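What follows is each chain in one-letter form.
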Amino acid sequence: MSRTNRSDAASDRSRVHRLEFTVDWPPGHAAAYLLAGDEPILIDAGMAGERGRTELIDGLDSHGYVPDDVDHLLLTHSHTDHVGQIETLLEAGDPTVHAPIRIRERFERDLETVEAATRRNLAEAGVDPAYIESAIDRLLEAHESNRAALALEAVDDWIDGEDPIRVGDREFDPIYTPGHHVTHHCYGTTLGDERVVFAGDMAIEPFRAAAIHVNFDDGVRDCLLAFVDALERLQRCDFDRVYPGHGPVHESYHETVERSIADLEDRIDGCADALAGRDGTTTATDLADELTDSFSERARVLPELVGALEYLEREGDVRSRLEDGVRYYEPA
């Protein structure tokens, strides 16, 4: 394995090198992190595409590395801006790939099953039948791109549970954190005298990642319940420094987690306020139309509103009925 242009491993062991990849949505970048040592570890693999490939190679080179130097790849979740350059790394070398086992569970489902569930859940949310086919095409394309970037046979070590794991010469504590995505994990470890977390799309400053969870696959109604549960799990941890997948590296761990919880609570409260006084003929799509100003915003917010309504229903504040495949809501 190449070790050209490397700094001394012993002196570099506790250093973290940040690699940035361009994405076409706010904040305009995704981040991966290289941990130097005798067995270099890359946490996440950047954005898919030729631009991402160039940014991976150039980013590694700027720190004195080449793709062949990466001995281990540790993945937070299966979105393409975090797994996009796995093939580049595998073409260059033979890294051991560590990934959450829920990725395998999701990818082993056939796309026909995913499509049927997506169609059913879009209809239940009250999406106009004229738009369902285009929505299905868009959502299935996301599933397909995730699977294309991460072949299951590329994974050597499936992470199952929250027991400490060994990645090369370093121990990590996996923390299961769904909501943004059903496969999402954060990883805590010790660097020097600091406890740090490689947080993926959680604990981001200054915004909260969307509650994508499963897109509109089965489980969409659980997205906010899962997100709140994940954030409350993170609240019970303590970290000195956060290495997130978007936004800057920061030391405001508890503040960002608490802000995300408050933001989700605002989403739930806003949903309850918008539903007040309704007569039982309101769908999640009706609320999305009322609460947003653009198609792109509605597409992003609709799963969260479905999740917020489910949250309110479980709390006893809302009731719903399923009629001809469409779910209607009213205050309890």
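Definitions and limits used
Residues numbered from 1 in each chain as written. Predicted model: local features only at pLDDT ≥ 70, side-chain atom pairs only at ≥ 80, totals over all residues. Heavy atoms only, no water. Pairing = 2+ DSSP bridges. Helix = DSSP H or I, 4+ residues; strand = E, 2+ residues; numbered from the N terminus. Axes fitted to C-alpha atoms, helices over the stretch in contact; angles between N-to-C directions. Contact = heavy atoms within 4.5 Å. Disulfide = S-S within 2.5 Å. Salt bridge = Lys/Arg side-chain N within 4 Å of Asp/Glu carboxyl O. Buried < 20%, exposed > 50% of the residue type's maximum accessible area, 1.4 Å probe, protein only. Right-handed = clockwise from strand over helix to strand, strands pointing away.

### Digging into the sheet that holds strand β2 (residues 29–35)
Spatial strand order, β1-β2-β3-β4-β5-β6: six strands in an open sheet with mixed pairing. The open sheet is flanked by β1 (16–22) and β6 (157–159), the only strands paired with a single partner. On average, adjacent strands in this sheet sit at an angle of 20° to one another, irrespective of strand direction. Contacting β1, β2 and β3 (41–43), helix α2 (residues 50–62) crosses the sheet at an angle of about 155° to β1.

### Examining the state of the cysteines
In protein structure, a disulfide is the covalent linkage between the sulfur atoms of two cysteines. According to the stated counting rule, one finds zero disulfides in the structure shown. Cysteine C186 remains unbridged, with the sulfur of C237 as its closest cysteine sulfur at 8.7 Å.

### Quick look at the sheet that holds strand β10 (residues 194–200)
Strands sit in the order β7-β8-β9-β10-β11 across an open sheet of five strands; the sheet is mixed. Strands at the two margins of the open sheet, each flanked by one partner only, are β7 (165–167) and β11 (241–244). With strand direction ignored, the average angle separating the axes of adjacent strands in the sheet is 35°. Bridging between strand β9 (residues 185–191) and β10 involves five bridges; their strand directions are antiparallel. Bridge pairing links T190 to R195 in β10.

### Some points on the pattern of salt bridges
If you walk through the whole model with that rule in mind, you get 25 salt bridges. Of the charged contacts, one joins R120 and D218 as a salt bridge, the two residues approaching to 2.9 Å between their closest N and O atoms. Separated by 98 residues along the polypeptide, R120 in helix α6 (residues 111–124) and D218 in the loop between β10 and α8 (223–235) bring together distant segments of the chain. The class of D218 is partly exposed, set by a relative accessible area of 38%. Each of E124, R221, D222, E310, E313, R314 and R327 takes part in one network of salt bridges that share partners.

### What to know about the pairing of β11
Bridging between β10 and β11 involves four bridges; their strand directions are parallel. For G200, the partnering residue across the bridge sits in β11 and is P244. Crossover handedness for the path β10 to α8 to β11: right-handed.

### Considerations on the environment of E315
Among the secondary structure elements, E315 is positioned in the loop between α11 (295–314) and β12 (318–323). Residue E315 is classed as exposed on the basis of its relative accessible area of 52%. Sequence-wise, E315 and A332 are 17 residues apart; in three dimensions their C-alpha atoms are separated by 9.9 Å.

No statement about biological role is implied by the geometric values presented.
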